[in-house]
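Read off the chains here:
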Amino acid sequence: SHTNNLQNINIDQNNLTLSFVNVSFAYPESNVEVLKNINIKINANEKIGLIGLNGAGKTTLIKLILRLYTPTKGKILLNDIDINQIPLKQYLSMIGVVLQDYFIFAYSIKENIIFNNKLEEDKLINCLAESGLNDKIKNLPYGIETILYKELCDEGIELSGGENQKLAISRAIYKSAKILIMDEPTSTLDPLAEYNIFSRFKSITNDKLAILISHRLSF
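Structural notes, computed from the coordinates. (Residues numbered from 1 in each chain as written. Predicted model: local features only at pLDDT ≥ 70, side-chain atom pairs only at ≥ 80, totals over all residues. Heavy atoms only, no water.)

Attention shifts here to the overall build of the protein. A tally of regular secondary structure across the protein gives eight helices and eight strands. Projecting the C-alpha coordinates of the protein onto the three principal axes gives extents of approximately 55 × 40 × 35 Å. The buried share among the 219 residues of the protein stands at 45%. A fraction of 71% describes how many contacts in the protein between residues 6 or more apart in sequence connect residues 24 or more apart. (Helix = DSSP H or I, 4+ residues; strand = E, 2+ residues; numbered from the N terminus. Buried < 20%, exposed > 50% of the residue type's maximum accessible area, 1.4 Å probe, protein only. Contact = heavy atoms within 4.5 Å.)

Here is the structure:
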């Protein structure tokens, strides 16, 4: 049972562990187990890479962590607490995520990164540097105030696929969550941009529990 309206529970965010205990999963309309008896324990500040072919169940694992689905068998624990017992809003506030199908909204670049978090200029500048979006923004007449898409503003611009991906990465870093999940974070980047992101991966994930999914071993 999903608990969304309970009061927050006390979780030591400086010492997180995420554990899969005998987790199996089959999508509702199927009997085929995509994941079978998975046991993994990831400790605070640990960085793990999940490498596998498309269809191997890597993204399913992330969907389970994000509580888009519930394991068919077994459970996922955060600091020994079943994640389904944690109020959803509190739980998701602890996770920064870059998915392959991220959303970009017809607001300013700045709003796309900050959302409802409070504005901290230095932190914002740092996130843009970490994701490699800085150079693009420097060349825009309105900088980070530039509106994306033309729905709300005739002067709105469209970023390239790779730039949108960097925007999604900036957003995940800005959230300052202690868990960072990146699902193919460089799938639309050119090799140089990909190399730059991976070379900064250590500082991006500093003091975080990080999970990186890729179908190739470039990192």
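Glancing now at the sheet that holds strand 2 (residues 33-43). Across the sheet, four strands lie side by side as 2-1-4-5; this open sheet has antiparallel pairing. Edge positions in the sheet fall to strand 2 and strand 5 (81-82), since each of these pairs with one other strand and no more. Across five bridges, the pairing between strand 1 (residues 17-26) and strand 4 (residues 73-78) is antiparallel. When the sheet's bridge partners are listed, Ser-24 is paired in strand 4 with Lys-73. (Pairing = 2+ DSSP bridges.)

Attention now moves to the sheet that holds strand 3 (residues 47-51). Reading across from one edge, 3-8-7-6 is the order of the four strands in this open sheet, with parallel pairing throughout. The strands lining the two open edges of the sheet, one partner per strand, are strand 3 and strand 6 (95-98). When strand polarity is set aside, the average angle formed by the axes of neighbouring strands in this sheet is 10 degrees. For strand 7 (residues 179-183) and strand 8 (residues 209-214), the ladder comprises five bridges, and the chain directions are parallel. Note on strand 8: the bridge partner recorded for Ile-181 is Ile-211. Packing of helix 1 (residues 58-65) onto the sheet brings it into contact with strand 3, strand 6, strand 7 and strand 8, and relative to strand 8 it is tilted by some 150 degrees. (Axes fitted to C-alpha atoms, helices over the stretch in contact; angles between N-to-C directions.)

Bringing the side chain of Ser-170 into the picture now. Considering the arrangement of structural elements, one finds Ser-170 in helix 6 (residues 161-174). Looking at Ser-170, its side chain comes within polar contact range of the side chain of Ser-131, at 2.7 Å. Excluding residues within four positions of it along the chain, Ser-170 makes contact with Ile-113, Cys-127, Leu-128, Ser-131 and Leu-133. (Polar contact = N/O pair within 3.5 Å; in protein donor to acceptor, adjacent residues only side chain to side chain.)

This part covers the packing of aromatic side chains. Summed over all chains, the structure comprises five aromatic pairs. When the centroid spacing of 6.3 Å and the interplanar angle of 25 degrees are considered together, the rings of Phe-105 and Tyr-107 count as stacked. On the basis of relative accessible area, Phe-105 is assigned to the partly exposed category, the value being 35%. Looking at Tyr-107, the relative accessible area reads 42%, which means it is partly exposed. Pairwise contacts between aromatic rings join Phe-25, Tyr-27 and Tyr-69 into one cluster. Against the face of Tyr-174 rests Lys-123, its NZ or CZ located 4.4 Å from the ring centre. (Phe/Tyr/Trp six-rings, centres within 6.5 Å; stacked < 30°, edge-to-face > 60°. Lys NZ or Arg CZ within 6 Å of the ring centre and 35° of its normal.)

The space that makes up the largest pocket amounts to roughly 690 Å³. If you go around the largest pocket, you meet 23 residues; those closest to its centre are Ile-95, Val-97, Phe-115, Arg-171 and Lys-175. Of all the elements, strand 6 adds the most residues to the lining of the largest pocket, at four residues. Its residues placed into classes, the lining of the largest pocket shows 15 nonpolar, four polar and four charged. (1 Å grid on protein atoms, 1.4 Å probe; cavity = no way out; pocket = protein on both sides within 12 Å on 5 of 7 lines; lining within 4 Å. Points joined across faces, edges and corners; volume = space filled by probe spheres on them. Nonpolar A, V, L, I, M, F, W, Y, C, P; charged D, E, K, R; others polar.)

This paragraph deals with helix 7 (residues 191-199). Burial in helix 7 covers these residues: Ala-193, Glu-194, Ile-197 and Phe-198. Looking straight down helix 7, one finds its buried side chains confined to an arc of 135 degrees; they lie on one side. Exposed and facing more than 90 degrees away from the buried side of helix 7 are Pro-191, Leu-192 and Tyr-195. Tucked into the core, helix 7 has its buried residues touching helix 4 (121-131), helix 6, helix 8 (201-204) and strand 8. Near the N-terminus of helix 7, the side chain that reaches the backbone nitrogen of Leu-192, with its oxygen 3.0 Å away, is that of Asp-190. (Arc of directions from axis to C-beta.)

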